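# Secondary and tertiary structure notes
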Amino acid sequence: MRELVVLGTASQAPTRQRNHNGYLLRWDDEVLLFDPGEGSQRQLLHTGISATDLTRICVTHFHGDHCLGLPGMIQRLSLDRVPHPVAVHFPADGADYFARLRHASSFYETAELRVEPIEADRQRITLGIGTLEARRLRHPIETYGYRLVEPDGCRMLPEKLSAYGIAGPAVGELLRVGHLDLDGRRVTRDEVSVTRPGQRFAFVMDTGLCDGVYALAEHADLLVIESTFLEPEAALAAEVGHLTAAQAARVAAESGVRTLVLTHFSQRYADPRRFADEARAHFDGELIVAEDLMTVPVPPRRVASAG
Ligand SMILES: [Zn+2]
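Keep in mind that what you see is a predicted model, and the values were worked out from it rather than measured.

Rules used in this analysis
- Residues numbered from 1 in each chain as written.
- Predicted model: local features only at pLDDT ≥ 70, side-chain atom pairs only at ≥ 80, totals over all residues.
- Heavy atoms only, no water.
- Helix = DSSP H or I, 4+ residues; strand = E, 2+ residues; numbered from the N terminus.
- Buried < 20%, exposed > 50% of the residue type's maximum accessible area, 1.4 Å probe, protein only.
- Salt bridge = Lys/Arg side-chain N within 4 Å of Asp/Glu carboxyl O.
- Pairing = 2+ DSSP bridges.
- Axes fitted to C-alpha atoms, helices over the stretch in contact; angles between N-to-C directions.
- Donors = N, O, S within 2.8 Å, 3.2 Å for Na, K, Ca; no water.
- Tetrahedral: all angles 85-135°; square planar, octahedral: opposite > 155°, others 65-115°.
- Core = buried A, V, L, I, M, F, W, Y, C linked by side-chain atoms within 4.5 Å.
- Contact = heavy atoms within 4.5 Å.

With that settled, the discussion passes to the environment of Tyr-97. Checked against the element boundaries, Tyr-97 lands in helix α3 (residues 95-102). Classification of Tyr-97 as partly exposed rests on a relative accessible area of 44%. Separated by 30 residues in sequence, Tyr-97 and Cys-67 have C-alpha atoms that sit 9.3 Å apart.

Scanning the entire structure with this criterion turns up 18 salt bridges. In this structure, Glu-150 engages Arg-301 in a salt bridge whose closest nitrogen and oxygen atoms are separated by 3.0 Å. Residue Glu-150 is located in the loop between β9 (144-149) and β10 (153-156), and its partner Arg-301 is located in the loop between β18 (295-297) and β19 (305-306); the two are separated by 151 residues in the primary sequence. Note on Glu-150: relative accessible area 8%, which makes it buried. What makes Arg-301 partly exposed here is its relative accessible area of 29%.

Another aspect to go through is the sheet that holds β18. Strand order in the open sheet made by the seven strands is β6-β5-β4-β3-β2-β1-β18, with mixed pairing throughout. The sheet is open, and its two edges are formed by β6 (113-115) and β18, each paired on a single side. Looking at each pair of strands side by side, their axes are set apart by 20 degrees on average, direction ignored. Looking at chain direction, strand β1 (residues 2-8) and β18 are connected through three bridges and run antiparallel. Each bridged residue has a counterpart across the sheet, and for Val-5 the counterpart in β18 is Thr-295.

Around a metal, the ideal angle is 109.5 degrees if four donors adopt a tetrahedral arrangement and 90 or 180 degrees if six donors adopt an octahedral arrangement. Coordination of the zinc ion by the protein comes from His-61 (NE2), His-63 (ND1), His-139 (NE2) and Asp-206 (OD), over a distance range of 2.2 to 2.3 Å. Around the zinc ion, the four donor atoms sit at angles spanning 87 to 170 degrees, and that spread fits a shape best called irregular. In the primary structure, the donors to the zinc ion are separated according to the pattern H-x1-H-x75-H-x66-D. On the criterion of sequence distance, the pair formed by His-63 in the loop between β4 (56-58) and α2 (70-79) and Asp-206 in the loop between β14 (200-204) and α6 (211-217) is long-range, its members being 143 residues apart. You can call Asp-206 buried: its relative accessible area is 2%.

Moving on to the nonpolar core. The nonpolar side chains of a soluble globular protein tend to be buried with one another. Membership of the largest hydrophobic core comes to 29 residues, with the highest contact counts inside it found for Leu-223, Ile-225, Leu-260, Leu-262 and Phe-275. Listing elements by their share of this core, those giving two or more residues are β14, α6, β15 (222-226), α8 (245-254), β16 (259-263), α9 (273-280) and β17 (286-289). Take this core: its biggest share by element is five residues, from α8. Apart from the residues lying within four places of it in its own chain, the contact partners of Leu-223 are Ala-202, Val-204, Ala-217, Ala-252, Val-257, Thr-259, Leu-260 and Val-261. Formed by 27 residues, the second largest nonpolar core is a distinct cluster that contains Phe-201, Met-205, Leu-222 and Ile-288.

Put into structure tokens, the structure is as follows:
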């Protein structure tokens with residue numbers, strides 16, 4: 001199961017249609033919560049996911065719309081007696097904010113938080129499902145975006161294996177060693193397998209255009225990216241460290257993104273179709289203007305290549 005579940009899509013202030021930011025990524029046995037704004041705990045109730053499912057929380061920065069949901073979510077982990085540790089990542093600069101949010105009010109703390117702040121650009125965290133990498137973004141306070149990179153794998157081709165008469169433990173040996181010697185003939189792993197391309201998810205929140213945006217978006221199967229503004233407000237966007245829908249779409253197009261999810265909309269725009277229209281002129285892949293409680297599947301794995 002690999003999918004994005006959107007809890008909220010509003011920047012700065014929620015609206016009648018949009019909760020503050022908040023995003024869940026279900027990826028095999030991990031459930032990552034990104035940037036829980038106010039109301040995230042209640043939004044979670046509308047999804048099929050419970051606090052007990054959470055394994056990791058990633059905060060990009062400590063502006064309120066990206067973190068004011070932390071106290072409720074953290075207390076909920078203890079209320080529900082979540083039995084496994086939950087890792088938490090956030091910019092190390094904001095450690096004081098995190099400490100205050102974590103202990104914003106009195107509660108009986110039972111859940112184990114594994115606090116792992118992001119200390120530097122390009123910090124990597126090794127997970128069972130791949131590598132979580134943080135990249136510095138351009139915003140008035142320290143901000144990191146995240147990407148999840150699954151390494152390429154290897155898929156054995158049964159018809160090739162049987163053609164060579166390779167079966168049982170020999171398959172494991174071939175995988176491990178990379179080759180097998182059969183009656184004087186060496187069979188390599190590449191001859192009997194194809195590469196299974198790893199999948200990538202990227203999460204780019206509050207930022208002006210910068211190298212980090214492109215580094216995160218590179219070849220993402222699914223990119224969630226802020227588009228707070230539209231082009232008429234491009235100068236304002238650059239001034240306050242935000243993107244327009246057109247900029248986000250161009251990043252996606254130039255980075256080989258497959259599914260583009262726009263979100264974090266300013267409340268000044270009533271009609272979400274304007275974001276789709278602006279982005280469509282620059283990006284011809286799958287384009288989604290996020291709505292609260294929407295689910296977006298990670299697109300099927302790219303086609304495997306030989307050898
Ligand atoms: Zn911000």
